[in-house]
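Architecture at a glance
Residues per chain are reported as follows:
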Amino acid sequence: RQAERGGYPHFMLKEIMEQPDVWSDCLLGRIQGDRVVPEQIGLTPEYLQRVKHIQIIAAGTAYHAGLIGKSLIESLARIPVNVDVASEFRYAHPVMEPDTMVIAISQSGETADTLACLRLARELGHFTFSITNTVGSTAARESDAVAYTLAGPEIAVASTKAYTTQILVLTLIALALADIHGHPRPDLVRGLLQLPLLGHQVLDVMEPVKDMAERLASGHDVFYIGRGRDYALAMEGQLKIKEISYLHAEAYPAGELKHGTLALIEENTPVVVIMTERDVADKTVSNILEVKARGAEVWGIVDSSLPVGLPIDHRIDVAVDLPELSPVLAAIPLQLLAYYTAVARGEDVDQPRNLAKSVTVE
Ligand code: G6P
């Protein structure tokens, strides 16, 4: 097993560390010059031209990738997107416009609720598309089209590399749609190819995350806040830490804290703030001041171009060149934070209690 783990103590750490290389594999052949090649993600330009609405369905971590996908598709291609948790969608009597493309995201391609949604969408006559890591999985076989995340086998129950490659595939879809619907972004297409290099750079400066984990490990809860895509990342950060370290964690949209959850912030409560969206950074700063006024200890996972002197206690910089491409980079410190916290608490990182890698029953 040690050999299978490539010398790492846990599969989860191996899978976190191999992400930059996995991203290269995921992007390989899917970009030509300044454009995404739709056929390489299972779609045709003719079909993309017809898409008017998108419905994303997924569970767990894949749902959190879907939230980032919504933000990217809406902001880049200006096509409306709904994202729903599969176990809710299947019983919600969903209303979908004609020309809605239904996207199922599933690492395993076998999650029972997600498959039920795919079947429902087909019955309703919609075009179904799966983003999955598992070649030949039920989701892949039962969809009209499929894009593989090509992350290689993911063994740890807590998803890491499957999540970031789901985000990459969603980014490719957003850019292909943007191009075809008249909003090309060649800068972002080229920027994608820089991500593996930037990923290695982020991994090289993650030492401070260990201190943060030591601090969290001895506490009993932690809050994650952000705005926009940073809020979606916050949701994934809190899920990751719950799954493997069993700490109580909550994610909140930074501006929504004051409507209730702020009541839980006390002297020394740890708060992790994610700030990679420059245009709302100053808004988030005012939310940081709100928690600091109640005594919170604040860690920032921060776009390195933001000014020094932010009102945070501990700063972890992520070099964000293009904010739209930053989620996969900012995911790394969140994954490592969960990992080191679980290690510090002596938990079984790869096989957390009560959880299964793939939930094939309802
Ligand atoms: C399980 C796993 C999660 C995963 C979710 C969805 O709950 O423990 O890590 O995110 O299923 O799995 P899927 O294979 O559909 O992405």
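You'll find the structure just up there.
Residues numbered from 1 in each chain as written. Predicted model: local features only at pLDDT ≥ 70, side-chain atom pairs only at ≥ 80, totals over all residues.

This part covers helix α13 (residues 281-293). With 13 residues, α13 ought to run about 18 Å at 1.5 Å a step, and its terminal C-alpha atoms sit 18 Å apart, in line with that. Along α13, the residues that are buried comprise Thr284, Asn287, Ile288 and Val291. End-on, the buried residues of α13 take up no more than an arc of 110 degrees, which puts them together on one face. Exposed and facing more than 90 degrees away from the buried side of α13 are Asp282, Ser286, Leu289 and Ala293. Following α13 by one or two positions, Gly295 adopts a phi angle in the positive range, close to 95 degrees. (Helix = DSSP H or I, 4+ residues; strand = E, 2+ residues; numbered from the N terminus. Expected span 1.5 Å × (residues − 1). Buried ≥ 20, exposed ≤ 12 C-beta atoms within 10 Å, placed from the backbone. Arc of directions from axis to C-beta.)

A separate point is the site of the ligand. Around the ligand, 16 residues are found, and the nearest of them are Gly60, Ser106, Gln107, Ser108 and Thr111. Of the residues belonging to the shell around the ligand, the class tally is 6 nonpolar, 9 polar and 1 charged. (Near = placed C-beta within 6 Å. Nonpolar A, V, L, I, M, F, W, Y, C, P; charged D, E, K, R; others polar.)

This brings us to unusual backbone geometry. The backbone phi angle of Leu150 is positive, close to 55 degrees, even though this residue is not glycine. Topologically, Leu150 is positioned in the loop between β7 (145-148) and α8 (161-180). Given 18 C-beta atoms within 10 Å, Leu150 falls into the partly exposed group. Positive phi is not limited to glycine here, since Tyr246 has a value of about 60 degrees. Turning to its location among the elements, Tyr246 is positioned in the loop between α12 (229-245) and β9 (248-253).

Attention now goes to the sheet that holds strand β4 (residues 81-85). The strand order β4-β3-β5-β6-β7 describes an open sheet built from 5 strands, whose pairing is parallel. Among the strands making up the open sheet, the edge pair consists of β4 and β7. Ignoring which end each strand starts from, the neighbouring axes of this sheet average 20 degrees apart. Strand direction decides the pairing type here: strand β6 (residues 127-132) and β7, joined by 4 bridges, are parallel. Across the sheet, the residue bridging to Thr132 is Tyr148, located in β7. With respect to the sheet, helix α4 (residues 60-77) is in contact with β3 (53-58), β4 and β5 (100-106), its orientation differing from that of β4 by roughly 175 degrees. (Pairing = 2+ DSSP bridges. Axes fitted to C-alpha atoms, helices over the stretch in contact; angles between N-to-C directions. Contact = placed C-beta atoms within 7 Å.)

Residues of helix α2 (residues 19-27) that are buried: Gln19, Pro20, Val22, Trp23, Cys26 and Leu27. Along the long axis of α2, the arc covered by the buried residues comes to 160 degrees, so they all point the same way. Close packing links the buried residues of α2 with α1 (11-17), β1 (31-32), α8, α9 (186-192), α10 (195-204) and α14 (327-344). Immediately beyond the C-terminal end of α2, within one or two residues, lies Gly29, with a positive phi of roughly 80 degrees.

To continue, consider the nonpolar core. Ala174, Ala176 and Leu177 are the most contacted members of the largest nonpolar core, which totals 123 residues. In this structure Leu177 touches Leu48, Val51, Ile73, Ala77 and Ile79, once residues within four positions along its chain are discounted. (Core = buried A, V, L, I, M, F, W, Y, C linked by C-beta atoms within 7 Å.)

Before going further, it helps to spend a moment on the pairing of strand β8 (residues 221-226). Taken across its 6 residues, β8 has 5 buried, putting it largely inside the fold. Note: β8 against β9, 6 bridges, orientation parallel. Each bridged residue has a counterpart across the sheet, and for Val222 the counterpart in β9 is Ala249. A crossover connection joins β8 to the parallel β9 through α12; in handedness this β-α-β unit is right-handed. Pairing analysis gives 3 bridges linking β8 to strand β10 (residues 270-275), with the strands arranged parallel. In the sheet register, Ile225 faces β10, and the bridge partner there is Val273. (Right-handed = clockwise from strand over helix to strand, strands pointing away.)

Our next topic: the packing of α12 against α14. Closest axis-to-axis distance for the α12/α14 pair is 9 Å, and the angle between their directions is 20 degrees. When the axis of α12 is compared with that of α14, the two are roughly parallel. Regarding α12 and α14, the two cross each other, and that crossing is right-handed. For the pair formed by α12 and α14, the contact residues are Arg229, Leu233, Glu236, Gly237, Lys240, Ile241, Ile244 and Ser245 on the first element and Pro327, Ala330, Ala331, Leu334, Gln335, Leu337, Ala338, Thr341 and Ala342 on the second. Here the contact of α12 with α14 is composed, by residue class, of 10 nonpolar, 4 polar and 3 charged. (Parallel < 35°, antiparallel > 145°, perpendicular 65-115°, else oblique. Left-handed = near helix turned anticlockwise from the far one by under 90°.)

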